[in-house]
Amino acid sequence: MTYRNDIRNVAIIAHVDHGKTTLVDSLLKQSKVFRDNQAVGEQIMDYNALERERGITIMAKNTAIVYRGVKINIIDTPGHADFGGEVERVISMADGCLLLVDSIDGPMPQTKSVLRQAFKNGLKPIVVINKIDRADSRIAEVLHFTQDLFLELATSADQLDFPVLYASGRDGFVVREPGMVGKDVSLLFDTILERIPPPRIEDGPFRMLVSNLDYDSHKGTIAIGRIWRGKVATHDQIVCMGADGALTRSEVSGVFTYLGLKRLEVAEAEAGDIVAITGTGKVSIGDTIANPDQPEALPRIEIGEPTVEMTFRVNTSPFAGREGRFSTTRQLRERLYRELETNLSLGVQDTDSPDSFLVKGRGELHLAILIEIMRREGYEFEVSKPEAITKVVNGTLMEPVENLVIDTRAEFIGILSEMLSKRQAELTDMRNDGQDNVHMEYHVPTKGLIGFRSAFLTATRGGGVMNTAFIGYEPWRGDIASTRISGVLVASEAGEAVAYGLNNAQARGLTFIEPGTQVYEGMIVGTQARVQDISINVCKEKKQSNVRTPLDVAVKRLVPPVKLSLEQSIDFINRDELVEVTPESIRLRKKLLNQTQRLRELHREEKRQVVS
Ligand SMILES: Nc1nc2c(ncn2[C@@H]2O[C@H](COP(=O)(O)OP(=O)(O)OP(=O)(O)O)[C@@H](O)[C@H]2O)c(=O)[nH]1
Ligand SMILES: [Mg+2]
């Protein structure tokens, strides 16, 4: 066994928004991978359109810089719990990690999850208390909580021996003591060289574990991963070992290593480095690629299981086929199954109905991002309300539970407690900082969290922060009553919504659409406070007359509609409703479009409840 001193492999891990991608900006800029006059912007690694729009990292990505003759491969990871599968997928490429902790928030649920992952994979951590430029930072306290977290999670004494640095990723400096003034990030580079072990090299011919896939229209599939043994060069013969043990032979057509945002073609690459290779043919994440003389598979990547599921089905609304390019069962099925090749923590299953597929993910956002990507690609389909995934273990029905952390003002404790007790949440910790900022932690079943985020934001009037992290499976605690207490306004006729009709609707509640919107019978056009749904004709025109009525004045004062985003729509619907998604629109609808049919179903349901 030897080591390769000219390389370091480092993953950057943290809770969402603690500044990982911004710190990578500073690392890249200060290592001079860009020309001096090159405008590169912010959160450079978040280059996907959806990442830029939402300001979050969705996929883990590689970059590399050279410092004092050592190449540092950097893996930027997402911090949102729903993308935890991405961290699990790439963490085995690294020998060490930078654990970022926000100087105000301190360790959060996902800080704990990713540190646990890092320990499990034997990574050497460097703690970086970040955003120390913030005026209200509480560095000493945050360090204290971070040390507690290490004590809680460490499984050996040497894991407690970690350096702590203080940084402002945004302002581009890293210092050894909180009060110090820094001018650059060189201390971080030096600490990486000093404290993160160089990659260990196994003796023997080439093998690498595929941790990521990319696609290029000229080069075909690109397999990305760390080489654990030997070297690889263009025209080398290789075998790819799949999950089922099948061996596929092929020839390497190109070898690339990272530098800055580029992949550079190289003649060959050696163990310890992170590379991208082409010519592998069909390959999946988790496969081992090796020299045909010694085809020994590395352990496959372990990914946590999905916790929520929803049905994707062919669009059956009266507007089906109008706005999407891909709308058939075959197209939907093919697209969903293709997603499994790269989206490791996703699950897809056929159902009894040939037009519907059960799609499983790590959370509502994980599924919402997939829906958004598909809709931009031109797909149209319908999705149901997400549900927690239950399973039977030794004859007992089990359900996922999560740790919910809330930071808000004391005045909201009452309403939140009431909402959460209905959702079967148990309070596990509560702290008040003396100035009525409260920190509350709950143990809550995943089913109780579905639809909670929007209710939480409304209840705290946007003045609260909530975070969740999956804990594990526990025995089923029984059904919870529907958490949406209000009913909806449903269009009773098809046509074009007009101001007069919408004004009538606004007398009953809030509307979701504006005049000119095409509607169909059974489409949801608003929400209202009564439990029972209200059918309303939003296409109804005012009868012509020459007399000005008070209503004419009212119509002019039509309130702007409440526009629900995709996530809000998914969060909002009940079990008897669907979200219709097309490249152009997001519509909400009742599953049963016809009012008579819905009433019949309601009576049947009531009878069933009386009997049981
Ligand atoms: N004041 C201050 N703000 C920062 C600093 N670093 C990042 N931010 C801000 O924090 C927000 C999140 O930064 P990102 O770099 O996207 O955080 P991230 O950890 O990559 O987020 P995810 O990848 O989505 O988990 C942005 O608004 C940044 O401008 C810092 O050092 N100081
Ligand atoms: Mg990021």
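Worth saying up front: this structure is predicted, and the values here are computed from it rather than measured.

### Side note on the coordination of the magnesium ion (ligand 2)
In this structure, Thr21 (OG1) and Thr57 (OG1) serve as the protein donors to the magnesium ion (ligand 2), at separations of 2.0 Å. Of this pair, Thr21 sits in helix α1 (residues 20-30) while Thr57 sits in the loop between α2 (49-54) and β3 (61-67); the two residues are 36 residues apart in sequence, bridging distant segments of the chain. Note on Thr57: relative accessible area 9%, which makes it buried.

### Quick look at the site of ligand 1
Around ligand 1, a shell composed of 18 residues is seen, among which Lys20, Thr21, Thr22, Thr57 and Asp133 lie nearest. Contacts to ligand 1 include Gly19, whose backbone N or O atom sits 2.9 Å from an oxygen atom. In this structure, Thr57 approaches ligand 1 through a side-chain N or O atom, which is 2.7 Å from an oxygen atom. Coverage of ligand 1 by the protein amounts to 85% of the 650 Å² it exposes when considered alone. Sorting elements by how many residues they give to the shell around ligand 1 places α1 first, with three residues. When grouped by side-chain class, the residues that make up the shell around ligand 1 number two nonpolar, 10 polar and six charged.

### Concerning unusual backbone geometry
The phi angle at Gln43 is positive, at roughly 45°, despite the residue not being glycine. You can see Gln43 is positioned in the loop between α1 and α2. On the accessibility criterion, Gln43 (30% relative accessible area) is partly exposed. For Arg68, which is not glycine, the phi dihedral falls at a positive 45°. Structurally, Arg68 can be placed in the loop between β3 and β4 (70-76). Since its relative accessible area comes to 65%, Arg68 is described here as exposed.

Conventions and cut-offs
- Residues numbered from 1 in each chain as written.
- Chains lettered and ligands numbered in written order.
- Predicted model: local features only at pLDDT ≥ 70, side-chain atom pairs only at ≥ 80, totals over all residues.
- Heavy atoms only, no water.
- Donors = N, O, S within 2.8 Å, 3.2 Å for Na, K, Ca; no water.
- Helix = DSSP H or I, 4+ residues; strand = E, 2+ residues; numbered from the N terminus.
- Buried < 20%, exposed > 50% of the residue type's maximum accessible area, 1.4 Å probe, protein only.
- Near = heavy atom within 4 Å.
- Polar contact = N/O pair within 3.5 Å; in protein donor to acceptor, adjacent residues only side chain to side chain.
- Areas by Shrake-Rupley, 256 points an atom, 1.4 Å probe, with all protein chains shown as cover.
- Nonpolar A, V, L, I, M, F, W, Y, C, P; charged D, E, K, R; others polar.

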